[in-house]
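The lines below spell out each chain.
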Amino acid sequence: MKIRLILSRLLFLLGIIGVIDTLLLLLYNGGINLGTILPGILGGLLILCGFGKAFLQKSMPSGKARQWILKTRRGVIALSLIGLISFLVVEGAIISNSQPDQVVEVDYLIILGAGLNGEQLSWTLRERMQKGLDYLERFSNVKVVLSGGQGPGENISEAEGMRRYLVEQGISDERILMEDQSTSTMENFRFSKEILVQQQDYQDSERVAVITNDFHLFRSKILARRNGLIPVGIPSPTPWYLVPNVYLREYFAVVKSLILDW
């Protein structure tokens with residue numbers, strides 16, 4: 001009985017976290033998409049699992065209908081446990097891959113876009129650009145692919161916003177390659193690869209440095225490899241107060257990419 005009580009409370013707590021995460025995402029981003037509402041939907045199911053049995057015992061009539069609902073509840077609990085195990089495995093991979101690879105000089109660097117406010121770099125994108133600037137200043141022969149299209153609330157493409165930043169910091173336009181059509185991480189790498197293969201000195205066997213946020217690095221490296229690239233990961237930091245939110249969201253993004261992004 002104690003184990004069941006602990007399990008019910010754990011499911012209820014996880015459900016509350018999922019619902020709160022969705023509410024915070026709606027307030028922060030102001031948009032509704034699968035990544036936003038999925039934690040809330042799962043959270044609602046976990047809350048029902050957490051106290052659903054007691055509710056059913058009081059409100060449901062006896063008979064086959066009640067037995068069917070209780071069996072359904074047990075099935076939901078089993079699926080929730082499977083989901084929890086997958087969550088722990090994926091999150092472990094995300095965290096373990098958030099550390100930088102050994103910094104080496106390559107011929108090409110890819111910086112992934114992360115949103116603009118009109119024409120201004122978002123905080124996340126500015127952090128990525130600072131990492132990229134440090135790398136480009138350290139290795140003066142490296143060329144950079146700036147990857148990011150134009151989305152809602154953006155007056156220019158993310159690639160153009162990134163280019164302006166680098167030029168203002170003294171990086172020559174001759175070192176910059178623009179990829180301004182992508183709208184997802186998969187497209188970032190697909191379209192960047194198309195640009196790279198057009199360069200006379202690029203070879204498929206060479207490594208390419210990739211800059212993105214630490215929580216995003218695991219998925220980015222997977223998708224880079226799917227597009228025939230050999231990535232060297234360089235993560236930019238995430239503020240501590242955003243870590244729970246972005247790492248939770250990244251779990252669903254990783255699952256989606258593993259299934260759909262080919």
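Structure's up top.
Remember, predicted model here, so these are calculated numbers, not experimental data.

What follows deals with the packing of aromatic side chains. Enumeration over the complete set of coordinates arrives at five aromatic pairs. Here the aromatic rings of Tyr108 and Tyr202 are separated by 6.1 Å at their centres, their planes lie at 75°, and the arrangement is edge-to-face. Within this pair, whereas Tyr108 is found in strand 1 (residues 108–112), its partner Tyr202 is found in the loop between helix 6 (185–196) and strand 6 (207–213), the two being separated by 94 residues in sequence. The class for Tyr108 is buried, based on a relative accessible area of 0%. The ring of Trp262 has Arg226 lying over it, and the distance from NZ or CZ to the ring centre is 3.6 Å.

The N-to-C vectors of helix 7 (residues 217–226) and helix 8 (residues 243–260) enclose an angle of 15°; their axes lie 10 Å apart at closest approach. In terms of orientation, helix 7 lies roughly parallel with respect to helix 8. The way helix 7 lies across helix 8 gives a crossing that is left-handed. Within the contact between the two elements, helix 7 uses Phe218, Arg219, Ile222, Leu223 and Arg226 and helix 8 uses Glu250, Ala253, Val254, Ser257 and Leu258. Among the residues forming the contact of helix 7 with helix 8, the class breakdown is six nonpolar, one polar and three charged.

The next subject is the pairing of strand 1. Most of strand 1 is tucked away, with five of its five residues classed as buried. Of the two faces of strand 1, the one lined by Tyr108, Ile110 and Leu112 and the one lined by Leu109 and Ile111 are each fully buried. Of the strand pairs in this sheet, strand 1 and strand 4 (residues 143–147) are connected by five bridges, and their pairing is parallel. Each residue of the ladder has a partner; that of Ile110, found in strand 4, is Val145. In this structure, strand 1 lies alongside strand 6, joined through three bridges in parallel fashion. When the sheet's bridge partners are listed, Leu109 is paired in strand 6 with Ala209.

Here is what the cut-offs are and how they apply
Residues numbered from 1 in each chain as written. Predicted model: local features only at pLDDT ≥ 70, side-chain atom pairs only at ≥ 80, totals over all residues. Heavy atoms only, no water. Phe/Tyr/Trp six-rings, centres within 6.5 Å; stacked < 30°, edge-to-face > 60°. Helix = DSSP H or I, 4+ residues; strand = E, 2+ residues; numbered from the N terminus. Buried < 20%, exposed > 50% of the residue type's maximum accessible area, 1.4 Å probe, protein only. Lys NZ or Arg CZ within 6 Å of the ring centre and 35° of its normal. Axes fitted to C-alpha atoms, helices over the stretch in contact; angles between N-to-C directions. Parallel < 35°, antiparallel > 145°, perpendicular 65-115°, else oblique. Left-handed = near helix turned anticlockwise from the far one by under 90°. Contact = heavy atoms within 4.5 Å. Nonpolar A, V, L, I, M, F, W, Y, C, P; charged D, E, K, R; others polar. Pairing = 2+ DSSP bridges.

That is the geometry; function is a separate question.
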